[in-house]
Amino acid sequence: GLSLQPENHSLWNKLGATQANSSNSKAAVQAYQRALNIKPNYVRAWSNMGIGFSNQGMYKESIPYYVRALSMNANAETLWGYLKIAMACSGILELLPLVNERNISALSEKFPI
């Protein structure tokens, strides 16, 4: 477990997923952040951070995390959908064409982390 492997990014991500499945998205986000502190290019944790914020109704906060994950894996179809929902729920409708165009470079400029 984590007490034996505190630097295991995958275990932190799994802890976050377990917490998210228990409707504890705030704790889940903290676990995902620990995973990213250990392994900054961990795509799954970036996407899970976005989902964690969205699950708390914090759609605007979720957007940069979805964008970062998509900048690492633009073929993640589900994430494009999550990003579109987060932007719509945040009232950022004017930038939805960038999502439809899959313009990850423009989105990365608009939503830096």
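Note: the structure precedes this text.
In this text the structure is predicted, and so the values were computed from the model without any measurement.

Engineer: I keep staring at the packing of helix α2 (residues 25-38) against helix α3 (residues 43-55) and nothing clicks. Help me out?
Structural biologist: The axes of two packed helices give the description: the angle between them and the distance between them. Close contact between α2 and α3 brings their axes to 9 Å; oriented N to C, the two are set at 160°. The angle between the axes of α2 and α3 places the two elements in the roughly antiparallel class. Considering how the two elements wind past one another, α2 and α3 form a crossing that is left-handed. Residues Ser 25, Val 29, Tyr 32, Gln 33, Ala 35 and Leu 36 of α2 form the contact with α3, whose participating residues are Ala 45, Trp 46, Asn 48, Met 49, Gly 52, Phe 53 and Asn 55. Of the residues belonging to the contact of α2 with α3, the class tally is eight nonpolar, five polar and no charged.

Engineer: Could you clarify how one ought to interpret the environment of Lys 60 in this entry?
Structural biologist: Position of Lys 60 relative to the elements: it lies in helix α4 (residues 59-72). C-alpha separation for the pair Lys 60 and Glu 101, spaced 41 residues apart in sequence, amounts to 20 Å.

Engineer: For this particular structure, what's the right way to read the environment of Asn 75?
Structural biologist: Along the chain, Asn 75 falls in the loop between α4 and α5 (77-89). Overall, Asn 75 belongs to the exposed group, its relative accessible area being 66%. With 27 residues separating them along the chain, Asn 75 and Arg 102 place their C-alpha atoms 9.8 Å apart.

Rules of the game
- Every chain's residues receive numbers from 1 upward, in the order its sequence appears when written.
- Reporting in this predicted model follows two pLDDT cut-offs: at least 70 for local features of residues, and 80 or more for side-chain atom pairs to be given and counted; totals over whole chains, interfaces and linings ignore these cut-offs and use all residues.
- Hydrogens and water are ignored here; the side-chain numbers use all heavy atoms of the structure.
- The axes are straight lines fitted to the C-alpha atoms, using for helices just the contacting stretch, and the angles between their N-to-C directions are given from 0 to 180°.
- Strands are runs of DSSP state E lasting at least 2 residues, helices are runs of H or I lasting at least 4, and numbering of each runs from the N terminus.
- Relative orientations are named as follows: roughly parallel for angles under 35 degrees, roughly antiparallel for angles over 145 degrees, roughly perpendicular for angles from 65 to 115 degrees, and oblique for any other angle.
- The handedness criterion is simple: a crossing whose near helix is rotated anticlockwise from the far helix by less than a right angle is left-handed, and one whose near helix is rotated clockwise is right-handed.
- By the convention used here, residues are in contact when the closest approach between their heavy atoms is within 4.5 Å.
- Side-chain classes follow a simple rule in which Ala, Val, Leu, Ile, Met, Phe, Trp, Tyr, Cys and Pro form the nonpolar group, Asp, Glu, Lys and Arg form the charged group, and the remainder, Gly included, forms the polar group.
- Buried residues are those whose accessible area, probed at 1.4 Å on protein chains only, stays under 20% of the maximum for their type, while exposed residues exceed 50% and partly exposed ones sit between those limits.

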